[in-house]
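# Overview (structure and organization)
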Amino acid sequence: MAMEYSEKVMEHFAHPHNVGVIEDADGVGEVGNAKCGDIMRMYLKVSADEIIEDVKFQTFGCASAIATSSIATDMIKGQPLSEALKLTNQAVVESLDGLPAVKVHCSVLAEQAVKAAVADYYKRKGLPYEHPCGACGGEGCCGHDHGHEEE
Amino acid sequence: MFVYADNAATTAMSRAAVEAMTPAMHQLYGNPSSLHQKGREANYALMGAREAVARCLNASAREIYFTGCGTEADNWAITEAARLGAEQGKRHIISDTIEHHAVLHTLKKLEKQGFEVTYLPVHEDGVVRLEELAAALRPDTCLVTVMFSNNEIGTVQPVREIGALCRERGVLFHTDAVQAVGHMPVDVEADNIDMLSLSGHKFHAPKGVGALYCRKSVKLKNFIEGGAQERGRRGGTEAIPAILAMAAALEESCAHLEENAAKVSAMRDKLIAGLRQIPCSRCNGSPDHRAPGIVSFCFEGIEGESLLLRLDLAGICASSGSACTSGSLDPSHVLLALGLPHEIAHGSLRLSLSAYNTMEEVDYILEQVPQVVRELRQMSPVWMHMLEKMEDPYRAAN
């Protein structure tokens, strides 16, 4: 069965926003692994009053991995860190007008990438911060549920 | 520009196929099993189609059974060969790791029923080794099933030699020739084949029709219960328009086999040479034993689905063995069987050509693929990591 992507997904995939690297980033988060087929790296530039002034991403992955990264960066740009931490994968999916069921893990990855970058910011500042993705300890999240069998 | 380069998935119908099918749809509506004139008319056309298909394979008409698809023919041949083996107490089957799922899943089912299956490795070039097959044959081996040519990487197996070995040891030999028939010479006598599966839509016939060749000495039983169609072996009224179209398409393909193969191979070789220029790329499958139309590459640092969809945006229809295109978590079993690590197999691209493609289209592909690969690599953290480690970022992998 061919995968159906929404127009919004294809738009963000064809012309992703905020692609690139921030050389002097205040926080960098990388999640996923190449074995699973997707890796996202997110860079944050944060102001003194904890507003995300700039965000860039690099993603290795499928169209939905690129589209979720792109829209997630749009959603947190200009926001305070406290708001960025509230980003959920469901919100990412909704903003893209839905994702095919087998691609929902990409939205989880986007949420984790944002949170990993924020965590890195706090770590660099020496501030206490609990990684929101407790299950994986912040290492090697790939968003996949490996318990499921191939259909 | 629009380029259809996914002919291993399916092909456009040929004019010959359409011209055979259209009057059949209008006029040949009789049931070939009916005794009246409309029935006889349809039956006569069916006989002609069966003879045509048989001729193209160097078989006899009574050895051809029309099916709904290549998958059905694979299921039927393997299940029947296993049943015949079990009757003699033989419950061992030999296959290989890069078969189509129509074969692999049938074998898995048989394993659950108590059959033992040996999957021969295919080595880095995708080719089965005869000495490994010889060593795997046992007194209780009832079937060897090895595909003629692979759908993902285009590797052609030493079918004739495998068939000879099987004949010498008294073991049935089935080959899934879905990607071969109509594209390269297939001769069931010279190639020592006992059973062969083919599918019409891979050689410009419509979808929904295939055939099983089964040597007359093999006591084939029916797979689908029902009427007396297909000499009582496969119930169900025959799809006359599709069968006639398939016969016409196959006759046309076989009549132009050499010139088409030469034309398509030249385009394939140009594509391979051009794509090899991309740094950190690799061409999958044997360079020597290769189907005319199939080109399979991996590009490190990018993922296949993105590549495929970016090419689609550029007007190029291709395919990928990446996990993301299949909806599963693992990349293609064929690429993994070649020994490629997951992270490289994820970045695969298959371009499959037919005689309907042109050199201008090949040039367009060679213009677009390097550009898309470059764009995706520029946004890939994996590629960035690779660049950091590399001394010469432009080393060619091949």
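Structure shown above.
A brief structural summary. What you see is a predicted model; the values in this text were computed from it and never measured.

### Things to note about the overall build of chain B
- When helices and strands are counted, chain B shows 14 helices and twelve strands.
- For a compact globule of 398 residues, the expected C-alpha radius of gyration is about 21 Å, and chain B comes in at 22 Å, within 12% of that figure.
- Along the first, second and third principal axes, the C-alpha set of chain B runs to 75 × 50 × 35 Å.
- Scored against the burial criterion, the 398 residues of chain B give a buried share of 58%.
- Once local pairs closer than 6 in sequence are excluded, the contacts in chain B between residues at least 24 apart make up 72%.

### So, the layout of surface pockets
Residue and element names in this part refer to chain B.
- Taken as a whole, the second largest pocket holds about 360 Å³ of empty space.
- Looking at the second largest pocket, it is lined by 27 residues, and the ones nearest its centre are Gly182, His183, His204, Ser354 and Ala355.
- Those elements that provide at least two residues to the lining of the second largest pocket are helix H7 (240–255) and helix H8 (257–275).
- Take the lining of the second largest pocket: its biggest share by element is four residues, from H8.
- Here the lining of the second largest pocket is built from residues that sort into 13 nonpolar, twelve polar and two charged.

### Focus on the interface of chain B and chain A
- Tallying the contact residues gives 24 residues for chain B and 28 residues for chain A.
- Both sides together, the interface formed by chain B and chain A hides about 2200 Å², and carbon and sulfur atoms give 67% of it.
- Counting the contacts that link chain B with chain A gives one salt bridge.
- Put simply, Lys103 of chain A and Glu305 of chain B hold a salt bridge, and the shortest N to O gap is 3.0 Å.
- Where chain B packs against chain A, one counts eleven residue pairs in polar contact (both at pLDDT 80 or more).
- Secondary-structure elements contributing two or more residues to the side of chain B that touches chain A are helix H9 (304–313), helix H10 (323–326), helix H12 (342–345), helix H13 (359–378) and helix H14 (381–389) of chain B.
- Per-element tally for the side of chain B that touches chain A: the top contributor is H9 of chain B, with five residues.

### Section: the sheet that holds strand S7 (residues 195–199) of chain B
All names here are of chain B.
- Spatial strand order, S2-S8-S7-S6-S5-S3-S4: seven strands in an open sheet with mixed pairing. Only two strands of the sheet have a single neighbouring strand rather than two, namely strand S2 (64–67) and strand S4 (116–120). Neighbour-to-neighbour, the strand axes of this sheet turn through a mean angle of 20°, independent of strand direction.
- Relative to S7, helix H3 (residues 70–87) is tilted by about 165°, and along the sheet it contacts S2, strand S3 (92–96), strand S5 (141–145), strand S6 (172–176), S7 and strand S8 (210–214).

### A short note on the pairing of strand S1 (residues 27–33) of chain A
Residue and element names in this part refer to chain A.
- Bridge count for S1 against strand S2 (residues 38–46) is seven bridges, and the pairing is antiparallel. Within S2, the residue paired with Gly27 across the bridge is Leu44.
- With antiparallel pairing between neighbouring strands as the criterion, S1 and S2 make up a hairpin whose turn holds four residues, including Gly37 at a positive phi of roughly 100°.

### Here's the deal with the packing of aromatic side chains
- Enumeration according to the criterion identifies four aromatic pairs over all chains in this entry.
- Note on Tyr121 of chain A and Tyr122 of chain A: the rings are 5.5 Å apart at their centroids and 65° apart in plane angle, and the pair reads as edge-to-face.
- We classify Tyr121 of chain A as buried; its relative accessible area is 4%.
- On the basis of relative accessible area, Tyr122 of chain A is assigned to the buried category, the value being 12%.
- Ring geometry for Phe297 of chain B versus Phe299 of chain B: centroids 5.8 Å apart, planes at 15°, classification stacked. Each member of the pair, Phe297 of chain B as well as Phe299 of chain B, carries the same accessibility label: buried.
- An aromatic cluster of at least three residues, connected via ring pairs, comprises Tyr65, Trp76 and Phe223 of chain B.

The rules behind the values
- Residues numbered from 1 in each chain as written.
- Chains lettered and ligands numbered in written order.
- Predicted model: local features only at pLDDT ≥ 70, side-chain atom pairs only at ≥ 80, totals over all residues.
- Heavy atoms only, no water.
- Helix = DSSP H or I, 4+ residues; strand = E, 2+ residues; numbered from the N terminus.
- Rg over C-alpha atoms; globule rule 2.2 N^0.38 Å.
- Buried < 20%, exposed > 50% of the residue type's maximum accessible area, 1.4 Å probe, protein only.
- Contact = heavy atoms within 4.5 Å.
- 1 Å grid on protein atoms, 1.4 Å probe; cavity = no way out; pocket = protein on both sides within 12 Å on 5 of 7 lines; lining within 4 Å.
- Points joined across faces, edges and corners; volume = space filled by probe spheres on them.
- Nonpolar A, V, L, I, M, F, W, Y, C, P; charged D, E, K, R; others polar.
- Buried area = accessible area lost by both parts, 1.4 Å probe.
- Salt bridge = Lys/Arg side-chain N within 4 Å of Asp/Glu carboxyl O.
- Polar contact = N/O pair within 3.5 Å; in protein donor to acceptor, adjacent residues only side chain to side chain.
- Pairing = 2+ DSSP bridges.
- Axes fitted to C-alpha atoms, helices over the stretch in contact; angles between N-to-C directions.
- Phe/Tyr/Trp six-rings, centres within 6.5 Å; stacked < 30°, edge-to-face > 60°.

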